Amino acid sequence: MSEGNVTSVDEGFLSAVRNMRGVGLSPAAAAIDLDAPIRPGSTLSAGAALALFEAQMESRHLDFAARWLRSRGQGYYTIGSSGHEGNAAVAEATRVTDPALLHYRSGGFFVRRARKAQRQDSGSGRPAVDALGDVLLGVVASRQEPIAGGRHKVFGSIALTIWPQTSTIASHLPKAVGTAFALERKKRLGLALDVPEDAIIACSFGDATVNHSTAVGAINTACWTAHQGLPMPILFVCEDNGLGISVRTPKNWLAAVYGQRSGLGYFRGDGCDMVSAYEAAQSAVDHVRTTRKPAFLHLSMVRLMGHAGSDVELAYRSPGEIRGDLTRDPLRRSAEILIEAGILSAEEVIDRYQTVRAGVRARAEKAAGAPQLHDADDIMAPIAPHDPDAVAAEVKRPVEQAARGQFWRDRLPEEQGPVPLAEHVRRALGDILVKYPEAVIFGQDVGRKGGVYGVTRGLQERAGMARVFDTLLDEQSILGLAIGAGQTGMLPIAEIQYLAYLHNAIDQLRGEAATLSFFSQGQLSNPMVVRVASYAYQKGFGGHFHNDNSIAALGDIPGLVIASPSRGDDAAAMLHTCIASARCDGTVSVFLEPIALYPIRDLYRPGDGELAAPYQPTGAHVPIGSARLWGDGSDLLMVSFANGVYMSLRAARRLADNHGVRCRVLDLRWLAPLPIDDLMGEASKAENVLIVDETRQTGGVSERILTALVEHGFAGTVRRVASLDSFVPLGPAAGHVLVGESDIAGAALAMLGIEDSQNVGFGSRAATKK
């Protein structure tokens, strides 16, 4: 079916061109004014039209080559751009320095931008981007492909300001909006830009994608921002072929939804006609560049050769409908325009077309022999680069005291005595704002209100509304802003108000933020820290959505750092580590702050102040993946994190007082990567290990701890006590499903064979592995 599709498209084009007749045949080059309009009144020049046609032909033959490589078992990607070559007009209308986040049918755009860059860079000594060779290396998954190194077929190039996208839906739209916002915010803050001040963001996608909630939210965020008078220079390019694989887009749906959207410019063009496509694109680009407001460019397209090589279109489309799309082939129309204008003859069109075919086929044959990725280490090398020494040095780099004094005004925070966890985080955030001019803090209610729990209280007043600001209520857009800001050189600190609210936006971390380094071979990064008020134990307040205890969706994201402190001094130090790692290594971190411990000062008894500590602006460095040990008992090692450490320490005190059991408590602090060395080092000194896990039994952190102990050869008895596989109910009933101190103490006694005559606890939620 694939070869048949290629043949019908290929022969259909050649046959149509042979039947074309123009006003001029093979005119001499000297007689052609390439700067003149392609037709009277058009803004597209003859020279630009010729260049667009060249890019369209190259894109088409790249699709043919991908199918040919696949037929030989040497190609691995057949989603093509045939029928969408009109997007080359968007490349013509934008600049090489305008960041672009592209749809997977953007072959025409990619090739045309590469040619523009080659022309602009001629004589500069910089190597030209080999667009055709690079695309084919991606098709064969070669490690020599310059952007992703064979890890995926993407359109991306640092030199072309095209950032690689693997999204097949809409997950790149929030970060495109975030990038547009961040470029303008950097200008406002006086930060250096990597692109011209009037750069715009171009973001392309298909018509079916528009219906995805991620797209709806991103476009809404752009309009919401522009409505407030804030600049939002983004061009949304919707390439409308009327199909989402087999599902049809209702007629006139896009125009009805976005044609008159408040705050959103709407421009429409025929993507199968390069003159119409270019003029619509140029008008849209000019609008965004001059007004700094968002626009929606709606280009009608056709999809030729099916969704991909394996797609049998006749299963859901009639032969007549498929033939009708062939008559709208953009290459046919481009050839017709050039022939009618007397720029090329039909024979010259065919000669050029065949020349391009031969050149692309030769490159495909060469690409077929290019080396593949070697092994797992080769594949995984760019996932999470980490330089611990550089991070440690960055943490210890002092903050200018005069600047700190100006920021904190009345007196420095370290002069104000012991404080609980929330205050440590607040003070660390303040010092981070002082130390890093590029740092910004944002999220719902973080500004004037200072966050639901007051953790950002007063920071907006001190740092200004440009650096500490509220966002709209949309977690996908909050994380998209973080991604865009990070990729443009800022240090974003995003707040998600509650852990349960993170789940509806998790793909922004899983599919976008965590993958950029992987799919760019470490050439690009989007450093960020995402703060999340987390876990339960709020004494019955709020129910499930304010007490969520599931982090399973975070635990298996490659390269993601997960921090989860249990006390204030660690929280401040770990936050500084996450920021330093973001700055040095481009790290994406999620910082899980235990809500219930925010205000807690006392550990064992009222007034003991064991959990309050003085804030240290240059405190001890807490390396990623390092644990902290409490106590020196030899009877039992408890392993936990966050609220679990608090409960374990209290249970350990009860065990010591009532039964003479001496325990040590290991605070993991980092849930990814787990502190394996510290865990095994302490476990080797113990015969009994009890894991205390406030997350759920299924998919919880304890599963990974148990696995680590077994795989690394722990020979003693290990038992875990975890919260039940339940959502957290409202009120005191929460105690029936959450792990508690009595469960911990009871499990410890059961492990040691001690009868619980004192009713210290009962181990109903414990499981043993020996």
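Caption draft 1: The sheet that holds strand β4 (residues 234-240), seen in detail. Here we have six strands laid out as an open sheet, ordered β2-β1-β3-β4-β8-β7, and parallel in their pairing. Since the sheet does not close on itself, it has two edges, and those belong to β2 (162-163) and β7 (265-270), each with one partner. Along the sheet, helix α9 (residues 274-291) contacts β4, β7 and β8 (295-300); its crossing angle with β7, the most-contacted strand, is approximately 165°.

Caption draft 2: Structural detail: the pairing of β7. Covered by surrounding structure in β7 are Gly 265, Phe 267 and Gly 269 only, the residues Tyr 266, Arg 268 and Asp 270 on the alternate face being uncovered. One ladder, built from six bridges, connects β7 with β8; its direction is parallel. Residue pairing in the sheet places Asp 270 in a bridge with Ser 300 of β8. Read from β7 through α9 to β8, the crossover connection turns out right-handed.

Caption draft 3: Helix α6 (residues 173-189), seen in detail. Over its 17 residues, α6 runs 24 Å from end to end, which matches the ideal 24 Å to within 8%, given 1.5 Å per residue. Summarising burial for α6: 14 of the 17 residues are buried, a large majority.

Caption draft 4: Broad picture of the confidence of the model for the protein. Averaged over every residue, the pLDDT of the protein is 93; the share at 70 or more is 95%. This stretch, residues 23-30, has a pLDDT under 50; its non-local contacts, to residues over four places away or in other chains, come to 14 contacts. Between residues 766-770, whose pLDDT stays under 50, and residues either more than four places distant or in other chains, the model counts 16 contacts.

Caption draft 5: A look at the sheet that holds strand β15 (residues 588-594). Strand order in the open sheet formed by seven strands is β11-β10-β12-β13-β15-β14-β20, and the pairing between neighbours is mixed. The outermost strands of the open sheet, each flanked by one partner alone, are β11 (468-470) and β20 (670-672). Recorded for the sheet is a direction-independent mean angle of 20° between the axes of neighbouring strands. Relative to β15, strand β14 (residues 561-563) runs parallel, the two being bridged by three bridges. Directly across from Ile 562, in β15, lies its bridge partner Val 590. The sheet contacts of helix α18 (residues 475-487) involve β10 (439-443), β11, β12 (491-496) and β13 (528-534), and relative to β12 the element is tilted by about 170°. Contacts from helix α22 (residues 568-585) reach β12, β13, β14, β15 and β20 within the one sheet, and its direction differs from that of β15 by about 165°.

Caption draft 6: The pairing of strand β22 (residues 717-723), seen in detail. Among the seven residues in β22, seven count as buried, and that is most of the element. Alignment of strand β21 (residues 688-696) against β22, held across seven bridges, turns out to be parallel. The partner of Ile 691 across the bridge, within β22, is Arg 720. On the question of chirality, the crossover connecting β21 to the parallel β22 by way of helix α25 (residues 701-711) is right-handed.

Caption draft 7: Inspection of the packing of aromatic side chains at higher detail. The final tally for this structure, using the stated rule, is 14 aromatic pairs. Ring geometry for Tyr 453 against Tyr 498: centres 6.0 Å apart, planes inclined by 80°, an arrangement best described as edge-to-face. Here Tyr 498 lies in the loop between β12 and α19 (499-502) and Tyr 453 lies in the loop between β10 and α17 (459-463), a separation of 45 residues in the sequence. Tyr 498 sits in the buried class, given a relative accessible area of 5%. Their ring planes at 50° and their centres at 5.5 Å tell us that Tyr 453 and Tyr 598 sit as a pair that is tilted. Separated by 145 residues along the polypeptide, Tyr 453 in the loop between β10 and α17 and Tyr 598 in the loop between β15 and β16 (613-614) bring together distant segments of the chain.

Caption draft 8: Representation of the side chain of Asp 329 in the model. By the element assignment, Asp 329 lies in the loop between α10 (319-327) and α11 (330-340). Of the residues examined, Asp 329 reaches a relative accessible area of 0% and is grouped as buried. From its side chain, Asp 329 meets the backbone nitrogen of Leu 331 in a polar contact 2.9 Å long. Not counting the four nearest positions on each side in its chain, Asp 329 is found in contact with Val 9, Phe 13, Arg 60 and Leu 304.

Caption draft 9: Quick look at the packing of helix α23 (residues 643-659) against helix α26 (residues 741-752). Two numbers describe how α23 lies on α26: the axes approach to 9 Å, and their chain directions differ by 50°. When the axes of α23 and α26 are compared, the pair comes out oblique. Crossing handedness for the pair α23 and α26: right-handed. Along its contact with α23, which presents Tyr 646, Met 647, Ser 648, Arg 650, Ala 651, Arg 654, Leu 655 and His 659, the element α26 presents Glu 741, Ser 742, Ile 744, Ala 745, Ala 748 and Leu 749. In terms of residue class, the contact of α23 with α26 is made up of eight nonpolar, three polar and three charged.

What counts, and where the lines are drawn
- Every chain is numbered on its own, with residues counted from 1 as its sequence reads.
- Since the coordinates come from a predicted model, pLDDT governs what is reported: local features require at least 70, and pairs of side-chain atoms require 80 or more to be given and counted, while whole-chain, interface and lining totals use all residues.
- The side-chain quantities take in all heavy atoms of the structure and omit both hydrogens and water.
- In this description, strands pair whenever DSSP reports at least two bridges between them.
- We count a stretch as a helix when DSSP gives it H or I for four or more residues in a row; a strand needs E for two or more, and each element gets its number in order from the N terminus.
- The contact criterion used is simple: two residues touch if any of their non-hydrogen atoms lie within 4.5 Å.
- Fitted lines through C-alpha atoms serve as axes, helices being fitted only where they are in contact, and the angles separating the N-to-C directions of these axes extend from 0 to 180 degrees.
- Classification of residues uses two cut-offs on accessible area relative to the type maximum, computed with a 1.4 Å probe and protein chains only: under 20% is buried, over 50% is exposed, and between them is partly exposed.
- A crossover counts as right-handed when, viewed with the strands pointing away from the observer, the path leading from the first strand over the helix to the second turns clockwise.
- The span one expects for a helix is its residue count, reduced by one, times 1.5 Å.
- Every residue is assigned a pLDDT by the predictor, reflecting its confidence on a scale from 0 to 100.
- Aromatic pairing here means that ring centres of Phe, Tyr or Trp (its six-membered ring) are within 6.5 Å. Orientation follows from the plane angle: under 30 degrees is stacked, over 60 is edge-to-face, and everything else is tilted.
- Here a polar contact is taken to be a pair of N or O atoms separated by no more than 3.5 Å, where protein atoms must pair a possible hydrogen donor with a possible acceptor and residues adjacent in sequence count only if both atoms sit in side chains.
- In this scheme, roughly parallel covers angles under 35 degrees and roughly antiparallel covers those over 145, while 65 to 115 is roughly perpendicular and the rest are oblique.
- Left-handed describes a crossing whose near helix is turned anticlockwise from the far helix by less than a right angle; the clockwise case is right-handed.
- Amino acid classes used here: Ala, Val, Leu, Ile, Met, Phe, Trp, Tyr, Cys and Pro are nonpolar; Asp, Glu, Lys and Arg are charged; the rest, including Gly, are polar.

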